[in-house]
Amino acid sequence: MTQRITRVGLVILALLTLTFTAHAQIKLTIDHNPNATATSAFKFKNVPSPAKDDAATKAKLLLIEGQADGNGAELSALTDGALPTEEDQPATNFFWNAGTGGGRFQMDLGSVIDIAQVNTYSWHPNTRGPQVYRLWASDGADAGFNPAPKTNIDLAKNGWKLIAVVDTRSKDGDDGGQFGVSITDARGSLGKFRYLLFDCYVTETADEFGNTFYSEIDVIAKK
Ligand SMILES: [Ca+2]
């Protein structure tokens, strides 16, 4: 009898979970321009090209954990609207230090906005091309909100919501070129948020140079 009640309870729980998860219908669009066709225009099949007037343009970026590579650009290069013009241009890309496993940074949009898209762009001739990261978001309203959580902190318990897990690596490892990622939701909005947290991972550990050359990040407000 007890077992039967438990089973009924589980079914109800499963139905409730379905109801709640139905609210988020995250869609990941990933485009890859191989080395032969990648150009400074960052034109993709489906992902929109980088914008200069998006909601990230005036955002503040905060490095939370990890070291920027001294050969690369500052975090601000991610939102300046300027793009690399060549396939291997360290000074115009942000990337984590050689030999490290990645890092995380926070983007403060200045106020809560209804976000339609988060688009990320990268370009490198080989293993630093693909993108591997988790995107978290917060409206900052939670009393326990931690704006700069280190990696040993449970983000879900500190006011953050996991939006997407991105990994553009291919199985054959032929990942040189340009990547465009567009994170959207089937309902037209990812939600209303002020803060985004990018938790970035190294793409490979065969050598010290597996941290992605991130070129630009766009945040598109819902119209
Ligand atoms: Ca931009």
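Scroll up a little and you will see the structure.
This is a predicted model, so every value here is computed, not measured.

Procedures and definitions
Residues numbered from 1 in each chain as written. Predicted model: local features only at pLDDT ≥ 70, side-chain atom pairs only at ≥ 80, totals over all residues. Heavy atoms only, no water. Helix = DSSP H or I, 4+ residues; strand = E, 2+ residues; numbered from the N terminus. Buried < 20%, exposed > 50% of the residue type's maximum accessible area, 1.4 Å probe, protein only. Contact = heavy atoms within 4.5 Å. Areas by Shrake-Rupley, 256 points an atom, 1.4 Å probe, with all protein chains shown as cover. Core = buried A, V, L, I, M, F, W, Y, C linked by side-chain atoms within 4.5 Å. Donors = N, O, S within 2.8 Å, 3.2 Å for Na, K, Ca; no water. Phe/Tyr/Trp six-rings, centres within 6.5 Å; stacked < 30°, edge-to-face > 60°. Pairing = 2+ DSSP bridges.

Enquirer: Requested: an account of the overall build of the protein chain, with residues and values cited.
Expert: For the protein chain, the count of helices and strands is 1 helix and 8 strands. For the protein chain, the sequential pattern of α-helices and β-strands runs α-β-β-β-β-β-β-β-β. Each of the 223 residues in the protein chain was classed as buried or not, and the buried ones make up 45%. Taking as baseline every contact in the protein chain between residues at least 6 positions apart, the subset at least 24 positions apart corresponds to 83%. Total accessible area on the protein chain is roughly 11,600 Å²; 54% of this is exposed by carbon and sulfur atoms.

Enquirer: Lay out the nonpolar core in plain terms, naming residues and giving numbers.
Expert: Ranked by internal contacts, the top residues of the largest apolar core, which has 28 residues, are Met107, Ile115, Tyr133, Ile183, Leu196 and Phe198. Among the elements of the structure, strand E3 (102-124), strand E4 (132-138), strand E5 (161-167), strand E6 (177-185), strand E7 (191-201) and strand E8 (214-221) are those that each provide at least two residues to this core. Per-element accounting of this core gives the leading share, 6 residues, to E3. Residues in contact with Leu196, not counting those within four places in the same chain, are Phe105, Gln106, Met107, Ile115, Val118, Leu135, Trp136, Ala137, Trp160 and Val219.

Enquirer: Which residues make up the coordination of the calcium ion, and what values go with them?
Expert: Around the calcium ion, the donor atoms from the protein are Ala51 (O), Asp54 (OD), Glu216 (OE) and Asp218 (OD), and they sit 2.3 to 2.6 Å away. Read N to C, the donor residues that coordinate the calcium ion are spaced as A-x2-D-x161-E-x1-D. Side by side, Glu216 and Asp218 carry an identical accessibility label, which is buried.

Enquirer: Describe the packing of aromatic side chains, naming the residues involved and giving the relevant values.
Expert: Scanning the entire structure with this criterion turns up 13 aromatic pairs. Residues Phe94 and Phe105 carry aromatic rings whose centres are separated by 6.2 Å and whose planes lie at 70 degrees to one another, so their mutual orientation is edge-to-face. Of the two residues, Phe94 is situated in the loop between strand E2 (60-65) and E3 and Phe105 in strand E3; the sequence distance between them amounts to 11 residues. Relative to Phe198, the ring of Tyr133 has its centre 5.8 Å away and its plane inclined at 55 degrees; by these criteria the two rings are tilted. One end of the pair, Tyr133, is in strand E4; the other, Phe198, is in strand E7, with 65 residues separating them in the sequence. Phe198 matches Tyr133 in its accessibility class, with the two residues each being buried. These aromatic residues form a ring-pair network of at least three members: Phe94, Trp96, Phe105, Tyr133, Phe198 and Tyr214.

Enquirer: I'd like to hear about the pairing of E3, residue by residue, with values.
Expert: Burial analysis of E3 places 18 of its 23 residues in the buried class, which makes it a mostly covered element. In this sheet, E3 lies alongside E2 in antiparallel orientation, the contact comprising 5 bridges. The residue bridging Leu63 from the neighbouring strand is Phe105, located in E3. Alignment of E3 against E7, held across 10 bridges, turns out to be antiparallel. The residue bridging Ile113 from the neighbouring strand is Phe193, located in E7.

Enquirer: Give a description of unusual backbone geometry that names residues and reports values.
Expert: Peptide bonds are, in most cases, trans, and in most cases residues other than glycine have a negative phi. Despite not being glycine, Phe42 shows a phi value in the positive range, around 50 degrees. Within the secondary structure layout, Phe42 lies in the loop between strand E1 (26-33) and E2.

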